[in-house]
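Residues per chain, in single letters:
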Amino acid sequence: MAGKKDTIFVCAECGYESPKWMGQCICGAWNSFYEERAQARSKAGAGKASGGGTVRRGGADGAFSGPGRPVPLRTVASGQADRIDTNIGELNRVLGGGIAKGTLTLIAGEPGIGKSTLILQAAIGLARQELTVLYVSGEESGEQIRMRADRVTNDIPGRVLMLAETNIDAIADTVAELHPDFLIIDSIQTMYTDEITSAAGGVSQIRVCTDVLMHIGKQRGIPVFIVAHITKAGELAGPKIIEHLVDCVLSFSGDKSRDLRLLTASKNRFGTTSEIGAFEMRENGLAEITDLSGALLDGFSGQTEGTIATAAYEGTRPLLMELQALTAHTNAGFPARTSLGADRARLGMILAVLEKKAGLNLSSFDVYVNVVGGVRPEGTSIDLAAALAVWSSAKGIAIPAGTIAIGEIGLAGEIRGVRHADRIAAEAVKLGFTRLILPEKNIKMKTPQGLRLCGAATLQEAIAALL
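As the structure is a computational prediction, the values presented were derived from the model and not from experiment.

Novice: Would you explain the environment of R269 in this entry?
Specialist: Here R269 lies in the loop between β12 (260–268) and β13 (276–282). For R269, a relative accessible area of 47% gives the class partly exposed. Remark: the alpha-carbon pair of R269 and D247, spanning 22 residues in sequence, is separated by 5.5 Å. Leave out the neighbours within four places in its chain, and R269 touches H244, L245, V246 and D247. Polar contacts involving the side chain of R269 include one to the main-chain carbonyl oxygen of H244, which spans 2.9 Å. Side-chain polar atoms of R269 contact the side chain of D247, separated by 2.9 Å.

Novice: How should helix α3 (residues 142–152) be read in this particular structure?
Specialist: Those residues of α3 that sit buried are I145, R148 and A149. Down the axis of α3, the smallest arc covering the buried residues is 100°, so these residues share one side. Seen from the buried face of α3, the exposed residues on the opposite side, beyond 90 degrees, are E143 and M147. Contact partners of the buried residues in α3: α2 (115–127), β7 (133–137) and β8 (160–164).

Novice: Help me out: how do you make sense of the packing of α2 against α3 in this one?
Specialist: Between two packed helices, the angle of one axis relative to the other and the distance separating the axes together describe the packing. Where α2 contacts α3, the axes come no closer than 10 Å and their chain directions differ by 70°. Judged by the inter-axis angle, α2 sits roughly perpendicular to α3. Crossing handedness for the pair α2 and α3: right-handed. On α3, the residues touching S116, T117, L120, Q121 and I124 of α2 are I145, R148, A149 and V152.

Novice: Just to check I follow, could you spell out the pairing of strand β15 (residues 307–314) for this structure?
Specialist: It is a general feature of regular strands that their side chains alternate between the two faces of the sheet. With eight of eight residues buried, β15 is to be regarded as a mostly interior element. Note that β15 and strand β16 (residues 317–329) share eight bridges and pair antiparallel. Along β16, the bridge assignment pairs Y313 with P318. With antiparallel pairing between neighbouring strands as the criterion, β15 and β16 make up a hairpin whose turn holds two residues, including G315 at a positive phi of roughly 70°.

Novice: Mind showing me how you'd approach the packing of helix α4 (residues 168–178) against helix α5 (residues 203–220) here?
Specialist: Where α4 meets α5, the closest approach of the two axes is 10 Å, and the angle between their N-to-C directions is 10°. With respect to α5, the axis of α4 lies roughly parallel. Contacts from I168, A172, V175 and A176 of α4 reach α5 at C209, V212, L213, I216 and R220.

Novice: Can you walk me through the nonpolar core in this structure?
Specialist: A general tendency of soluble globular proteins is for nonpolar side chains to be buried together. Among the nonpolar cores identified, the biggest contains 47 residues, and L354, L388, V390 and I437 are the most heavily contacted of them. Among the elements that make up this core, the one with the highest residue count is helix α9 (residues 383–395) (eight residues). What V390 contacts, discounting residues up to four positions off in sequence, is A325, T327, L351, L354, L360, L362, V367 and V369. Listed in part, the 30 residues of the second largest apolar core include A122, I184, C248 and A265.

Novice: Just checking my understanding: could you explain the sheet that holds β7 for this structure?
Specialist: Hydrogen bonds along the backbone pair up the strands of a sheet, which may run parallel or antiparallel. Reading across from one edge, β8-β7-β9-β10-β6-β11-β12-β13-β14 is the order of the nine strands in this open sheet, with mixed pairing throughout. Strands with a single pairing partner mark the edges of an open sheet, and in this sheet they are β8 and β14 (285–288). Direction aside, neighbouring strands of the sheet carry axes that sit 25° apart on average. Pairing of β7 with β8 involves five bridges; the strand directions are parallel. Looking at β8, one finds that Y135 is bridged to M162.

Novice: How should I be thinking about the confidence of the model for the protein chain in this particular structure?
Specialist: Caution is warranted with low-pLDDT regions, since their predicted coordinates should not be read in detail. Summarising the model, the protein chain shows a mean pLDDT of 87, and 89% of its residues fall at 70 or more. Note on residues 40–65: pLDDT is under 50 here. Beyond four places in sequence and across chains, it has 55 contacts.

Novice: How should the environment of T272 be read in this particular structure?
Specialist: Inspection of the secondary structure puts T272 in the loop between β12 and β13. Residue T272 is classed as partly exposed on the basis of its relative accessible area, which comes to 36%. As for T272 and R93, which are separated by 179 residues in sequence, their C-alpha atoms are 9.4 Å apart. Among the polar contacts made by the side chain of T272, one reaches the side chain of S274 at a distance of 2.8 Å.

Novice: Sorry, what's going on with the pattern of salt bridges here?
Specialist: Oppositely charged side chains can pair when the atoms bearing their charge come close. Evaluation of the coordinates by the stated rule reveals 12 salt bridges. Across the pair R269 and D247 runs a salt bridge, and its minimum N-O distance is 2.9 Å. One end of the pair, R269, is in the loop between β12 and β13; the other, D247, is in the loop between α6 (241–245) and β11 (248–253), with 22 residues separating them in the sequence. A relative accessible area of 2% means that D247 is categorised as buried. Among the charged side chains, a network of salt bridges with common partners joins E90, R93, E275 and R317.

Novice: What exactly am I supposed to notice about the packing of aromatic side chains here?
Specialist: Using the criterion set out here, one finds four aromatic pairs in the structure. Their ring planes at 70° and their centres at 6.0 Å tell us that F252 and F279 sit as a pair that is edge-to-face. Taken together, the residues F252 in strand β11 and F279 in strand β13 connect sequence positions 27 residues apart. Ring centres of F300 and F433 lie 6.3 Å apart, and the angle between their planes is 35°; this geometry places the pair in the tilted category. Of this pair, F300 sits in the loop between α7 (292–296) and β15 while F433 sits in the loop between α10 (421–430) and β22 (435–439), placing them 133 residues apart in sequence. Each member of the pair, F300 as well as F433, is classed as buried.

Calculation notes
Residues numbered from 1 in each chain as written. Predicted model: local features only at pLDDT ≥ 70, side-chain atom pairs only at ≥ 80, totals over all residues. Heavy atoms only, no water. Helix = DSSP H or I, 4+ residues; strand = E, 2+ residues; numbered from the N terminus. Buried < 20%, exposed > 50% of the residue type's maximum accessible area, 1.4 Å probe, protein only. Contact = heavy atoms within 4.5 Å. Polar contact = N/O pair within 3.5 Å; in protein donor to acceptor, adjacent residues only side chain to side chain. Arc of directions from axis to C-beta. Axes fitted to C-alpha atoms, helices over the stretch in contact; angles between N-to-C directions. Parallel < 35°, antiparallel > 145°, perpendicular 65-115°, else oblique. Left-handed = near helix turned anticlockwise from the far one by under 90°. Pairing = 2+ DSSP bridges. Core = buried A, V, L, I, M, F, W, Y, C linked by side-chain atoms within 4.5 Å. pLDDT = per-residue confidence, 0-100. Salt bridge = Lys/Arg side-chain N within 4 Å of Asp/Glu carboxyl O. Phe/Tyr/Trp six-rings, centres within 6.5 Å; stacked < 30°, edge-to-face > 60°.

Structure (structure tokens):
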């Protein structure tokens, strides 16, 4: 049995190591320390991952240079155009134009949401480009993956190779032997190395295995996709340190009662994190949704209390969505303020502005705000729509059909301008909207045919325009 000096305590949230147990970690988490044997990192990260080869580094002549030798930055070849097309447009969009060589991508989501289906379709698309794909499964058998592949396609390329293995050292040996162009690990929680005594899925195991995969990807220029589980709270399982090791963190989400699936990036070293990829789950796999605004507004009719359309500019395209608000009288001392899809702190600010500037007393009302479709738009362009929806629900006045509202609300009740309002207006016309309530600063743009612009400098003017 290991002595005290042979054990360490590791935080499950951030990976911090301590020689003794701590009630609270430096990251703020309580009761998150687990006792594990103190072991050196896996040798596979330095030896087996490289396969005895020379680490690739940029040189003045484009050749390989020795490890640790500095070279002028201007002589290093740019990887900007060195992308691999996955044949899935929505996935390429979120990744920043395709998969960059040597990148480590982490994709997380609830069980059964479609993570494995998405990466399998990507693997098939890459194999059809004469690229060799190694799919490593630690959870499912080859027969189960074959059944999923049969649903996706009738012609499985021969370059999609299947390996049922959980030992990361054996996987490193296989990569050194096969030299694949793309590597998939499904999932990181099932991987282990013999040099760590803890069970698979432990903090140290996940961290060391991810480190080995990072060496494989960087030294060989192989893109690596890692599937990860999420906790009941919806957060990525495992220490946060693996998020710092990878180049891209993707989240695949959606309501299992609906077919819509959304792919977003919370970290991307090779692209933006504001893009959204949309898919529809079908019997034969995931199908791309090119008109995401139309899908989010499916069933939206307008002319309902507390319901209005709004928009945000996400990445490279305008995104129109439905926003709902409900106010209900409560006898509780502290009324509820619940928000799904919208920032709760901003909702509190908007309610305060409504009370101060619009005379709307909500002290005895619960307020619920929901962005339909599971979208969580970035930015502040949906502020005005949230305020108008809450006002409509509280007053019992229906919002006229064909109305859409965008704008940021300040603490003084002013309506601030939003970016790309002209593109949002053009998208609104395509979807049949006839009136756009927007900040007065954005009204100077060219008005699309069939759309009436209603500029508002303050919240009071926006409410007047609504009526």
